[in-house]
Protein chains: 2
Amino acid sequence: MAKYGFGLDLGGTTCKCGLFTTEGELLDKWEVKTDTSNGGANILKNLAKTVFDKMAEKNIDKEDVWGVGIGIPGPIDASGVVNRCVNLGWGKFNVEEEFASHMDGIKVKAGNDANVAALGEAWMGAAKEYSSSVMITLGTGVGGGVIIDDKIVSGSTGSAGEIGHMRVDYEEENACGCGNHGCLEQYCSATGIARLARIKLAQTSDASSLRDYDEIDAKAVLDEAKKGDKLAIEVATKACAYLAQGMQVLSVVANPEAFVIGGGVSKAGQYLIDLIQQEYDKIAFHGCLDTKIVLASLGNDAGIYGAMKQIM
Amino acid sequence: MAKYGFGLDLGGTTCKCGLFTTEGELLDKWEVKTDTSNGGANILKNLAKTVFDKMAEKNIDKEDVWGVGIGIPGPIDASGVVNRCVNLGWGKFNVEEEFASHMDGIKVKAGNDANVAALGEAWMGAAKEYSSSVMITLGTGVGGGVIIDDKIVSGSTGSAGEIGHMRVDYEEENACGCGNHGCLEQYCSATGIARLARIKLAQTSDASSLRDYDEIDAKAVLDEAKKGDKLAIEVATKACAYLAQGMQVLSVVANPEAFVIGGGVSKAGQYLIDLIQQEYDKIAFHGCLDTKIVLASLGNDAGIYGAMKQIM
């Protein structure tokens, strides 16, 4: 078995790159700019170049490279076809075939970036001990990934693990970015938590330290909740109740060993985990009450780890 | 490869048994009584006996038997441990190890009966063309199974595919058998549909042909809905809307190629499928709108087919 591999986490602004041993040790990491000009036509060629440049720099032969894995910001099916990646300017084509054409015979594998991050946490992060886990990434939106038997469940059209679009409210009048109403992302993303806070503040005249903020974001809500602000606690609890609803359903569908909570919102740490656990315990199916709820541990590196793991 | 295998679908009253070729042809089927006396202590011994009796009857040598698969009416984990099977009188023990001790070296494999039925439909039934599918069995309760890459997802504690216990209503005051409130089973099982009808009839004085029934069951609701009774249509639509809610979430978690609808309620046929499709289309995630919704095709034989497939 070759000694090295590469994990690439492609975003609309930069691509994070990692050089790994096949045992999972991260030897080097760096970033390259994503060239979205001309419909993103140069992106994969540029990524091939940065891999070959790094191999030259480190004196790594082609024979010593097990493969290159890549995470893509959009839905991708098991055969490597992306449907559309808005942030990259990409339409529909087979990323793996195109990337392979630049890689001179080195094995490549592509996956959705949120799924790939879940795989990273499952391989070397918070879910390292578990063969099945579900990662929920609470960022600007809500992403995620379902890992069963140490592999990503990508789904028939690449829509598995689209956890942010689980319908968790039937009476929502505002539309989600996806066009539906009542998606998890509308309540548990950073923007969703801020929205819940603004709604709550407008509904009541109760005193709250949140009223002192010029602009309320999820961090403000969770900071003030930790300090004991009653209204902030109500908002944070509500967001966690929605998340717990999603987890209740996930648990009776996939019954993972662990839920991994990541993304910017998860910087609230154990306070957030405890609140999620409190709400989950109220509604979980009896056979799923022992499912672990843990904080993600790889931060922004989860994507490169998971991208690498895809080729293993 | 040996030529034959057995699939056993164990219930609280009888066990359905099938002799198959390893290509999946059902050569013979029969039933044996389930002896629930003495905490079900004789059940597995009796099943071993019926297999060996059939082998003797058909002149099948041990070397020609690929294995024996069994479906169990209760949760079972990947290692073969059942936690409790109320209908059989069983407590917690390893079914596979115990059954193997009676099978003289013939390979055995056990799975949850609802999951196993899903595998049967995926192997030789309605989802034969698909490598990923979710079966939803609308019977006295609601069961199901998640099939990914032609294999059952059994979950870390055997609770994967417990589709009847997806929480799909947040305001339900009546408890489900599991102790929770708002489980899919409370609305979409045969008893759930009858319950929705009784609630609706009590809430309104509108005329309905359902008022002519001494006792309302799911068949009455679907029969009268087909005939155009407005109230029956409302009840059937409501049940399908709950089911569609469950499917919306399933589709963004597992993104199967097909949903297979089975169980007694599915005898309502294409009318039911059309109604489910109508409700699903209203709320499905855009990436999952093309998921097929099909009627189960193996009826009561799904369990023996799936039990057999487990050993393949």
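Computed from a predicted model, the values in this text were never measured in an experiment.

A.B. asks: Help me understand the relation of the copies chain B and chain A, please; the structure alone is not making it clear to me.
C.D. replies: Overlay of chain B on chain A (RMSD 0.1 Å): rotation 180 degrees, translation along the axis 0.0 Å. Taken together, the rotation and translation relating the two chain copies correspond to the operation of a two-fold axis. A shared interface surface links the copies, since 100% of the contact residues of chain B are contact residues in chain A too.

A.B. asks: What should I look at first to understand the nonpolar core in this one?
C.D. replies: The nonpolar side chains of a soluble globular protein tend to be buried with one another. If you look at the biggest cluster of nonpolar residues, it comprises 211 residues, and the most contacted ones within it are Val-221 of chain A together with Ile-193 and Val-221 of chain B. Dropping the residues within four chain positions of it, Val-221 of chain B is found in contact with Ile-193, Ala-194, Ala-197, Leu-210, Ile-216, Ala-232, Val-235 and Ala-236 of chain B.

A.B. asks: Would you mind showing me how to read the interface of chain B and chain A here?
C.D. replies: The extent of an interface is frequently quoted as the accessible surface area lost upon association of the parts. Counting from both sides, the interface comprises 35 residues of chain B and, opposite them, 35 residues of chain A. Counting residues per element, the side of chain B that touches chain A draws most heavily on helix H8 (residues 230-253) of chain B, which supplies 7 residues. Here the residues of the side of chain B that touches chain A are counted per class, giving 17 nonpolar, 15 polar and 3 charged.

A.B. asks: Looking at this structure, how should I read the pairing of strand E2 (residues 14-21) of chain A?
C.D. replies: Two faces belong to every sheet, and in a regular strand the side chains alternate between them. All names here are of chain A. Across 7 bridges, the pairing between strand E1 (residues 4-10) and E2 is antiparallel. Residue pairing for E2: Leu-10 is matched across the bridge by Cys-15. Linking E1 to E2, which pair antiparallel, is a turn of 3 residues. Pairing of E2 with strand E3 (residues 26-33) involves 7 bridges; the strand directions are antiparallel.

A.B. asks: Quick question: what am I supposed to make of the sheet that holds strand E9 (residues 142-148) of chain B here?
C.D. replies: Within a sheet, neighbouring strands are paired by backbone hydrogen bonds and run either parallel or antiparallel to one another. Residues and elements named next belong to chain B. The 5 strands are arranged E10-E9-E8-E11-E12 in an open sheet whose pairing can be described as mixed. Since the sheet does not close on itself, it has two edges, and those belong to strand E10 (151-152) and strand E12 (292-295), each with one partner. Note that E9 and E10 share 2 bridges and pair antiparallel. Note on E10: the bridge partner recorded for Ile-147 is Ile-152.

Cut-offs used in this document
Residues numbered from 1 in each chain as written. Chains lettered and ligands numbered in written order. Predicted model: local features only at pLDDT ≥ 70, side-chain atom pairs only at ≥ 80, totals over all residues. Least-squares fit on C-alpha atoms with pLDDT ≥ 70 in both. Contact = placed C-beta atoms within 7 Å. Core = buried A, V, L, I, M, F, W, Y, C linked by C-beta atoms within 7 Å. Buried ≥ 20, exposed ≤ 12 C-beta atoms within 10 Å, placed from the backbone. Helix = DSSP H or I, 4+ residues; strand = E, 2+ residues; numbered from the N terminus. Nonpolar A, V, L, I, M, F, W, Y, C, P; charged D, E, K, R; others polar. Pairing = 2+ DSSP bridges.

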